[in-house]
Amino acid sequence: MRPVSVMLYAAGFGTRMGALTAHQPKPMVNVAGKPLIDHALSVVETAGITDITVNLHYLGEQIEQHLQRRSIKFSYEIPQILDTGGGLKAAAKHLGKTPVITLNTDAVWTGQNPIKQLLAAWDPARMDALLLLLPQDQALGHNGTGDFLLDDTSRINRAKGAKAPVYLGAQILKTELVFDFSETVFSLNTIWDQMIEQGRAYGILHQGGWCDVGRPEGIALAESLLNV
């Protein structure tokens, strides 16, 4: 039950980036001299994960060409984009039946490797999901409220507000509920809600820095975090 594969989310339209994504997908936007997807791959490779799947939709051929020399599997979402749950379900043939690590490609990290933190805390006997979180006042580039509260056993519950930690787009997830879900297009929020109700969804706090690069102003914030 130890995760051996990772899914990188790279299919989104990147509309919040404005003109920066008019002719390139968001994972190809440069931060500190290299595309965002390369920052995500550095996290994965430093954690020792070699089984990598990338989902693609908007201008996905640019990402595939950029990564063509790497041993990476691609899951194209055609003709429509499938959201986080649907995208994971569509990539089932690449991911196998063990729990999977998922990582968004629109952020940069400092401090402890996020995947190593998740792997160290993962307990499949208790957990169906383990999400990486950060207090909202430490989440650079994040606009909006928090996502989850942690109880004294590290279980997560839905919460909104300034005190609720933010989900950072990194997790370990058992995939049975995802792969068996009846819909084609759906959000992982639906799956998390089932796991939360069953007391099987947990969270830990990231030991380091993080910056959301979902908007143009996030680039400068991310480079400042990386001391570039």
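To keep things clear, this report deals only with the structure shown in the data block. For clarity, every value in this text was computed on a predicted model and none was experimentally measured.

**Focus on the overall build of the protein**
Here comes step 1: Looking only at helices and strands, the protein features 8 helices and 14 strands.
Here comes step 2: Split into buried and exposed, the 228 residues of the protein put 53% on the buried side.
Here comes step 3: By sequence separation, contacts in the protein at least 24 residues apart represent 71% of the contacts at least 6 residues apart.
Here comes step 4: When the accessible surface of the protein is totalled, it reaches about 10200 Å², and 51% of it is carbon and sulfur.

**Looking at the environment of Thr-145**
Here comes step 1: Counting through the fold element by element, Thr-145 comes out in the loop between β9 (139-140) and β10 (148-150).
Here comes step 2: Considering only alpha carbons, one finds Thr-145 and Ala-164, 19 residues apart in sequence, at a separation of 7.4 Å.

**Re the pattern of salt bridges**
Here comes step 1: Under the definition given, this model contains 7 salt bridges.
Here comes step 2: Of the charged contacts, one joins Glu-45 and Arg-70 as a salt bridge, the two residues approaching to 2.4 Å between their closest N and O atoms. With Glu-45 in helix α1 (residues 36-46) and Arg-70 in the loop between α2 (60-66) and β5 (73-76), this residue pair connects regions lying 25 residues apart in the sequence.
Here comes step 3: Asp-193 is the salt-bridge partner of Arg-158, the closest N and O atoms lying 2.8 Å from each other. Taken as a pair, Arg-158 in strand β11 (residues 156-158) and Asp-193 in helix α7 (residues 188-197) lie far apart in primary sequence, 35 residues in all.

**What about the side chain of Asp-128?**
Here comes step 1: Here Asp-128 is to be found in the loop between α5 (114-121) and β8 (129-134).
Here comes step 2: For Asp-128, a relative accessible area of 13% puts it in the buried group.

**Brief notes about the sheet that holds strand β6 (residues 100-104)**
Here comes step 1: What the 7 strands build is an open sheet, ordered β5-β4-β1-β6-β12-β8-β13; its pairing is mixed. Each having just a single partner strand, β5 and β13 (201-205) make up the two edges of the open sheet. The mean inter-strand angle of the sheet, taken between neighbouring strand axes irrespective of direction, is 25°.
Here comes step 2: Where β8 lies against strand β12 (residues 166-173), 5 bridges are found, and the strand directions are antiparallel. Residue pairing across strands places Ala-129 opposite Leu-173, the latter belonging to β12.
Here comes step 3: Across the sheet, helix α3 (residues 83-90) lies against β1 (5-9), β5, β6 and β12, angled at about 135° from β1, the strand it touches most.

**Re the nonpolar core**
Here comes step 1: Core analysis: the biggest nonpolar cluster contains 38 residues, and Leu-8, Val-54 and Trp-109 have the highest contact counts within it.
Here comes step 2: Top element by residues in this core is α1. It accounts for 5 residues.
Here comes step 3: The next biggest cluster of nonpolar side chains, apart from the first, holds 22 residues, and it includes Tyr-9, Leu-95, Ile-191 and Ala-201.

**Brief notes about the layout of surface pockets**
Here comes step 1: Put simply, the largest pocket is a space of about 980 Å³.
Here comes step 2: Lining of the largest pocket is provided by 39 residues; of these, Arg-16, Lys-26, Thr-84, Asn-104 and Asp-106 occupy positions nearest its centre.
Here comes step 3: Mapped by element, the contributors of at least two residues to the lining of the largest pocket are α3, β6, β12, α7 and β14 (210-212).
Here comes step 4: Classifying every residue of the lining of the largest pocket gives 14 nonpolar, 15 polar and 10 charged.

**Considering the environment of Ala-139**
Here comes step 1: Mapped onto the elements of the fold, Ala-139 is located in strand β9.
Here comes step 2: A C-alpha to C-alpha distance of 8.7 Å links Ala-139 and Pro-165, two positions 26 residues apart in sequence.
Here comes step 3: If we skip the residues at most four places from it in the chain, Ala-139 touches Leu-134, Val-166 and Trp-210.

**Here's the deal with the side chain of His-94**
Here comes step 1: With respect to the helices, strands and loops of the structure, His-94 is situated in helix α4 (residues 92-95).
Here comes step 2: Judged by its relative accessible area of 19%, His-94 is buried.

Each value, and the rule that gives it
Residues numbered from 1 in each chain as written. Predicted model: local features only at pLDDT ≥ 70, side-chain atom pairs only at ≥ 80, totals over all residues. Heavy atoms only, no water. Helix = DSSP H or I, 4+ residues; strand = E, 2+ residues; numbered from the N terminus. Buried < 20%, exposed > 50% of the residue type's maximum accessible area, 1.4 Å probe, protein only. Contact = heavy atoms within 4.5 Å. Areas by Shrake-Rupley, 256 points an atom, 1.4 Å probe, with all protein chains shown as cover. Salt bridge = Lys/Arg side-chain N within 4 Å of Asp/Glu carboxyl O. Pairing = 2+ DSSP bridges. Axes fitted to C-alpha atoms, helices over the stretch in contact; angles between N-to-C directions. Core = buried A, V, L, I, M, F, W, Y, C linked by side-chain atoms within 4.5 Å. 1 Å grid on protein atoms, 1.4 Å probe; cavity = no way out; pocket = protein on both sides within 12 Å on 5 of 7 lines; lining within 4 Å. Points joined across faces, edges and corners; volume = space filled by probe spheres on them. Nonpolar A, V, L, I, M, F, W, Y, C, P; charged D, E, K, R; others polar.

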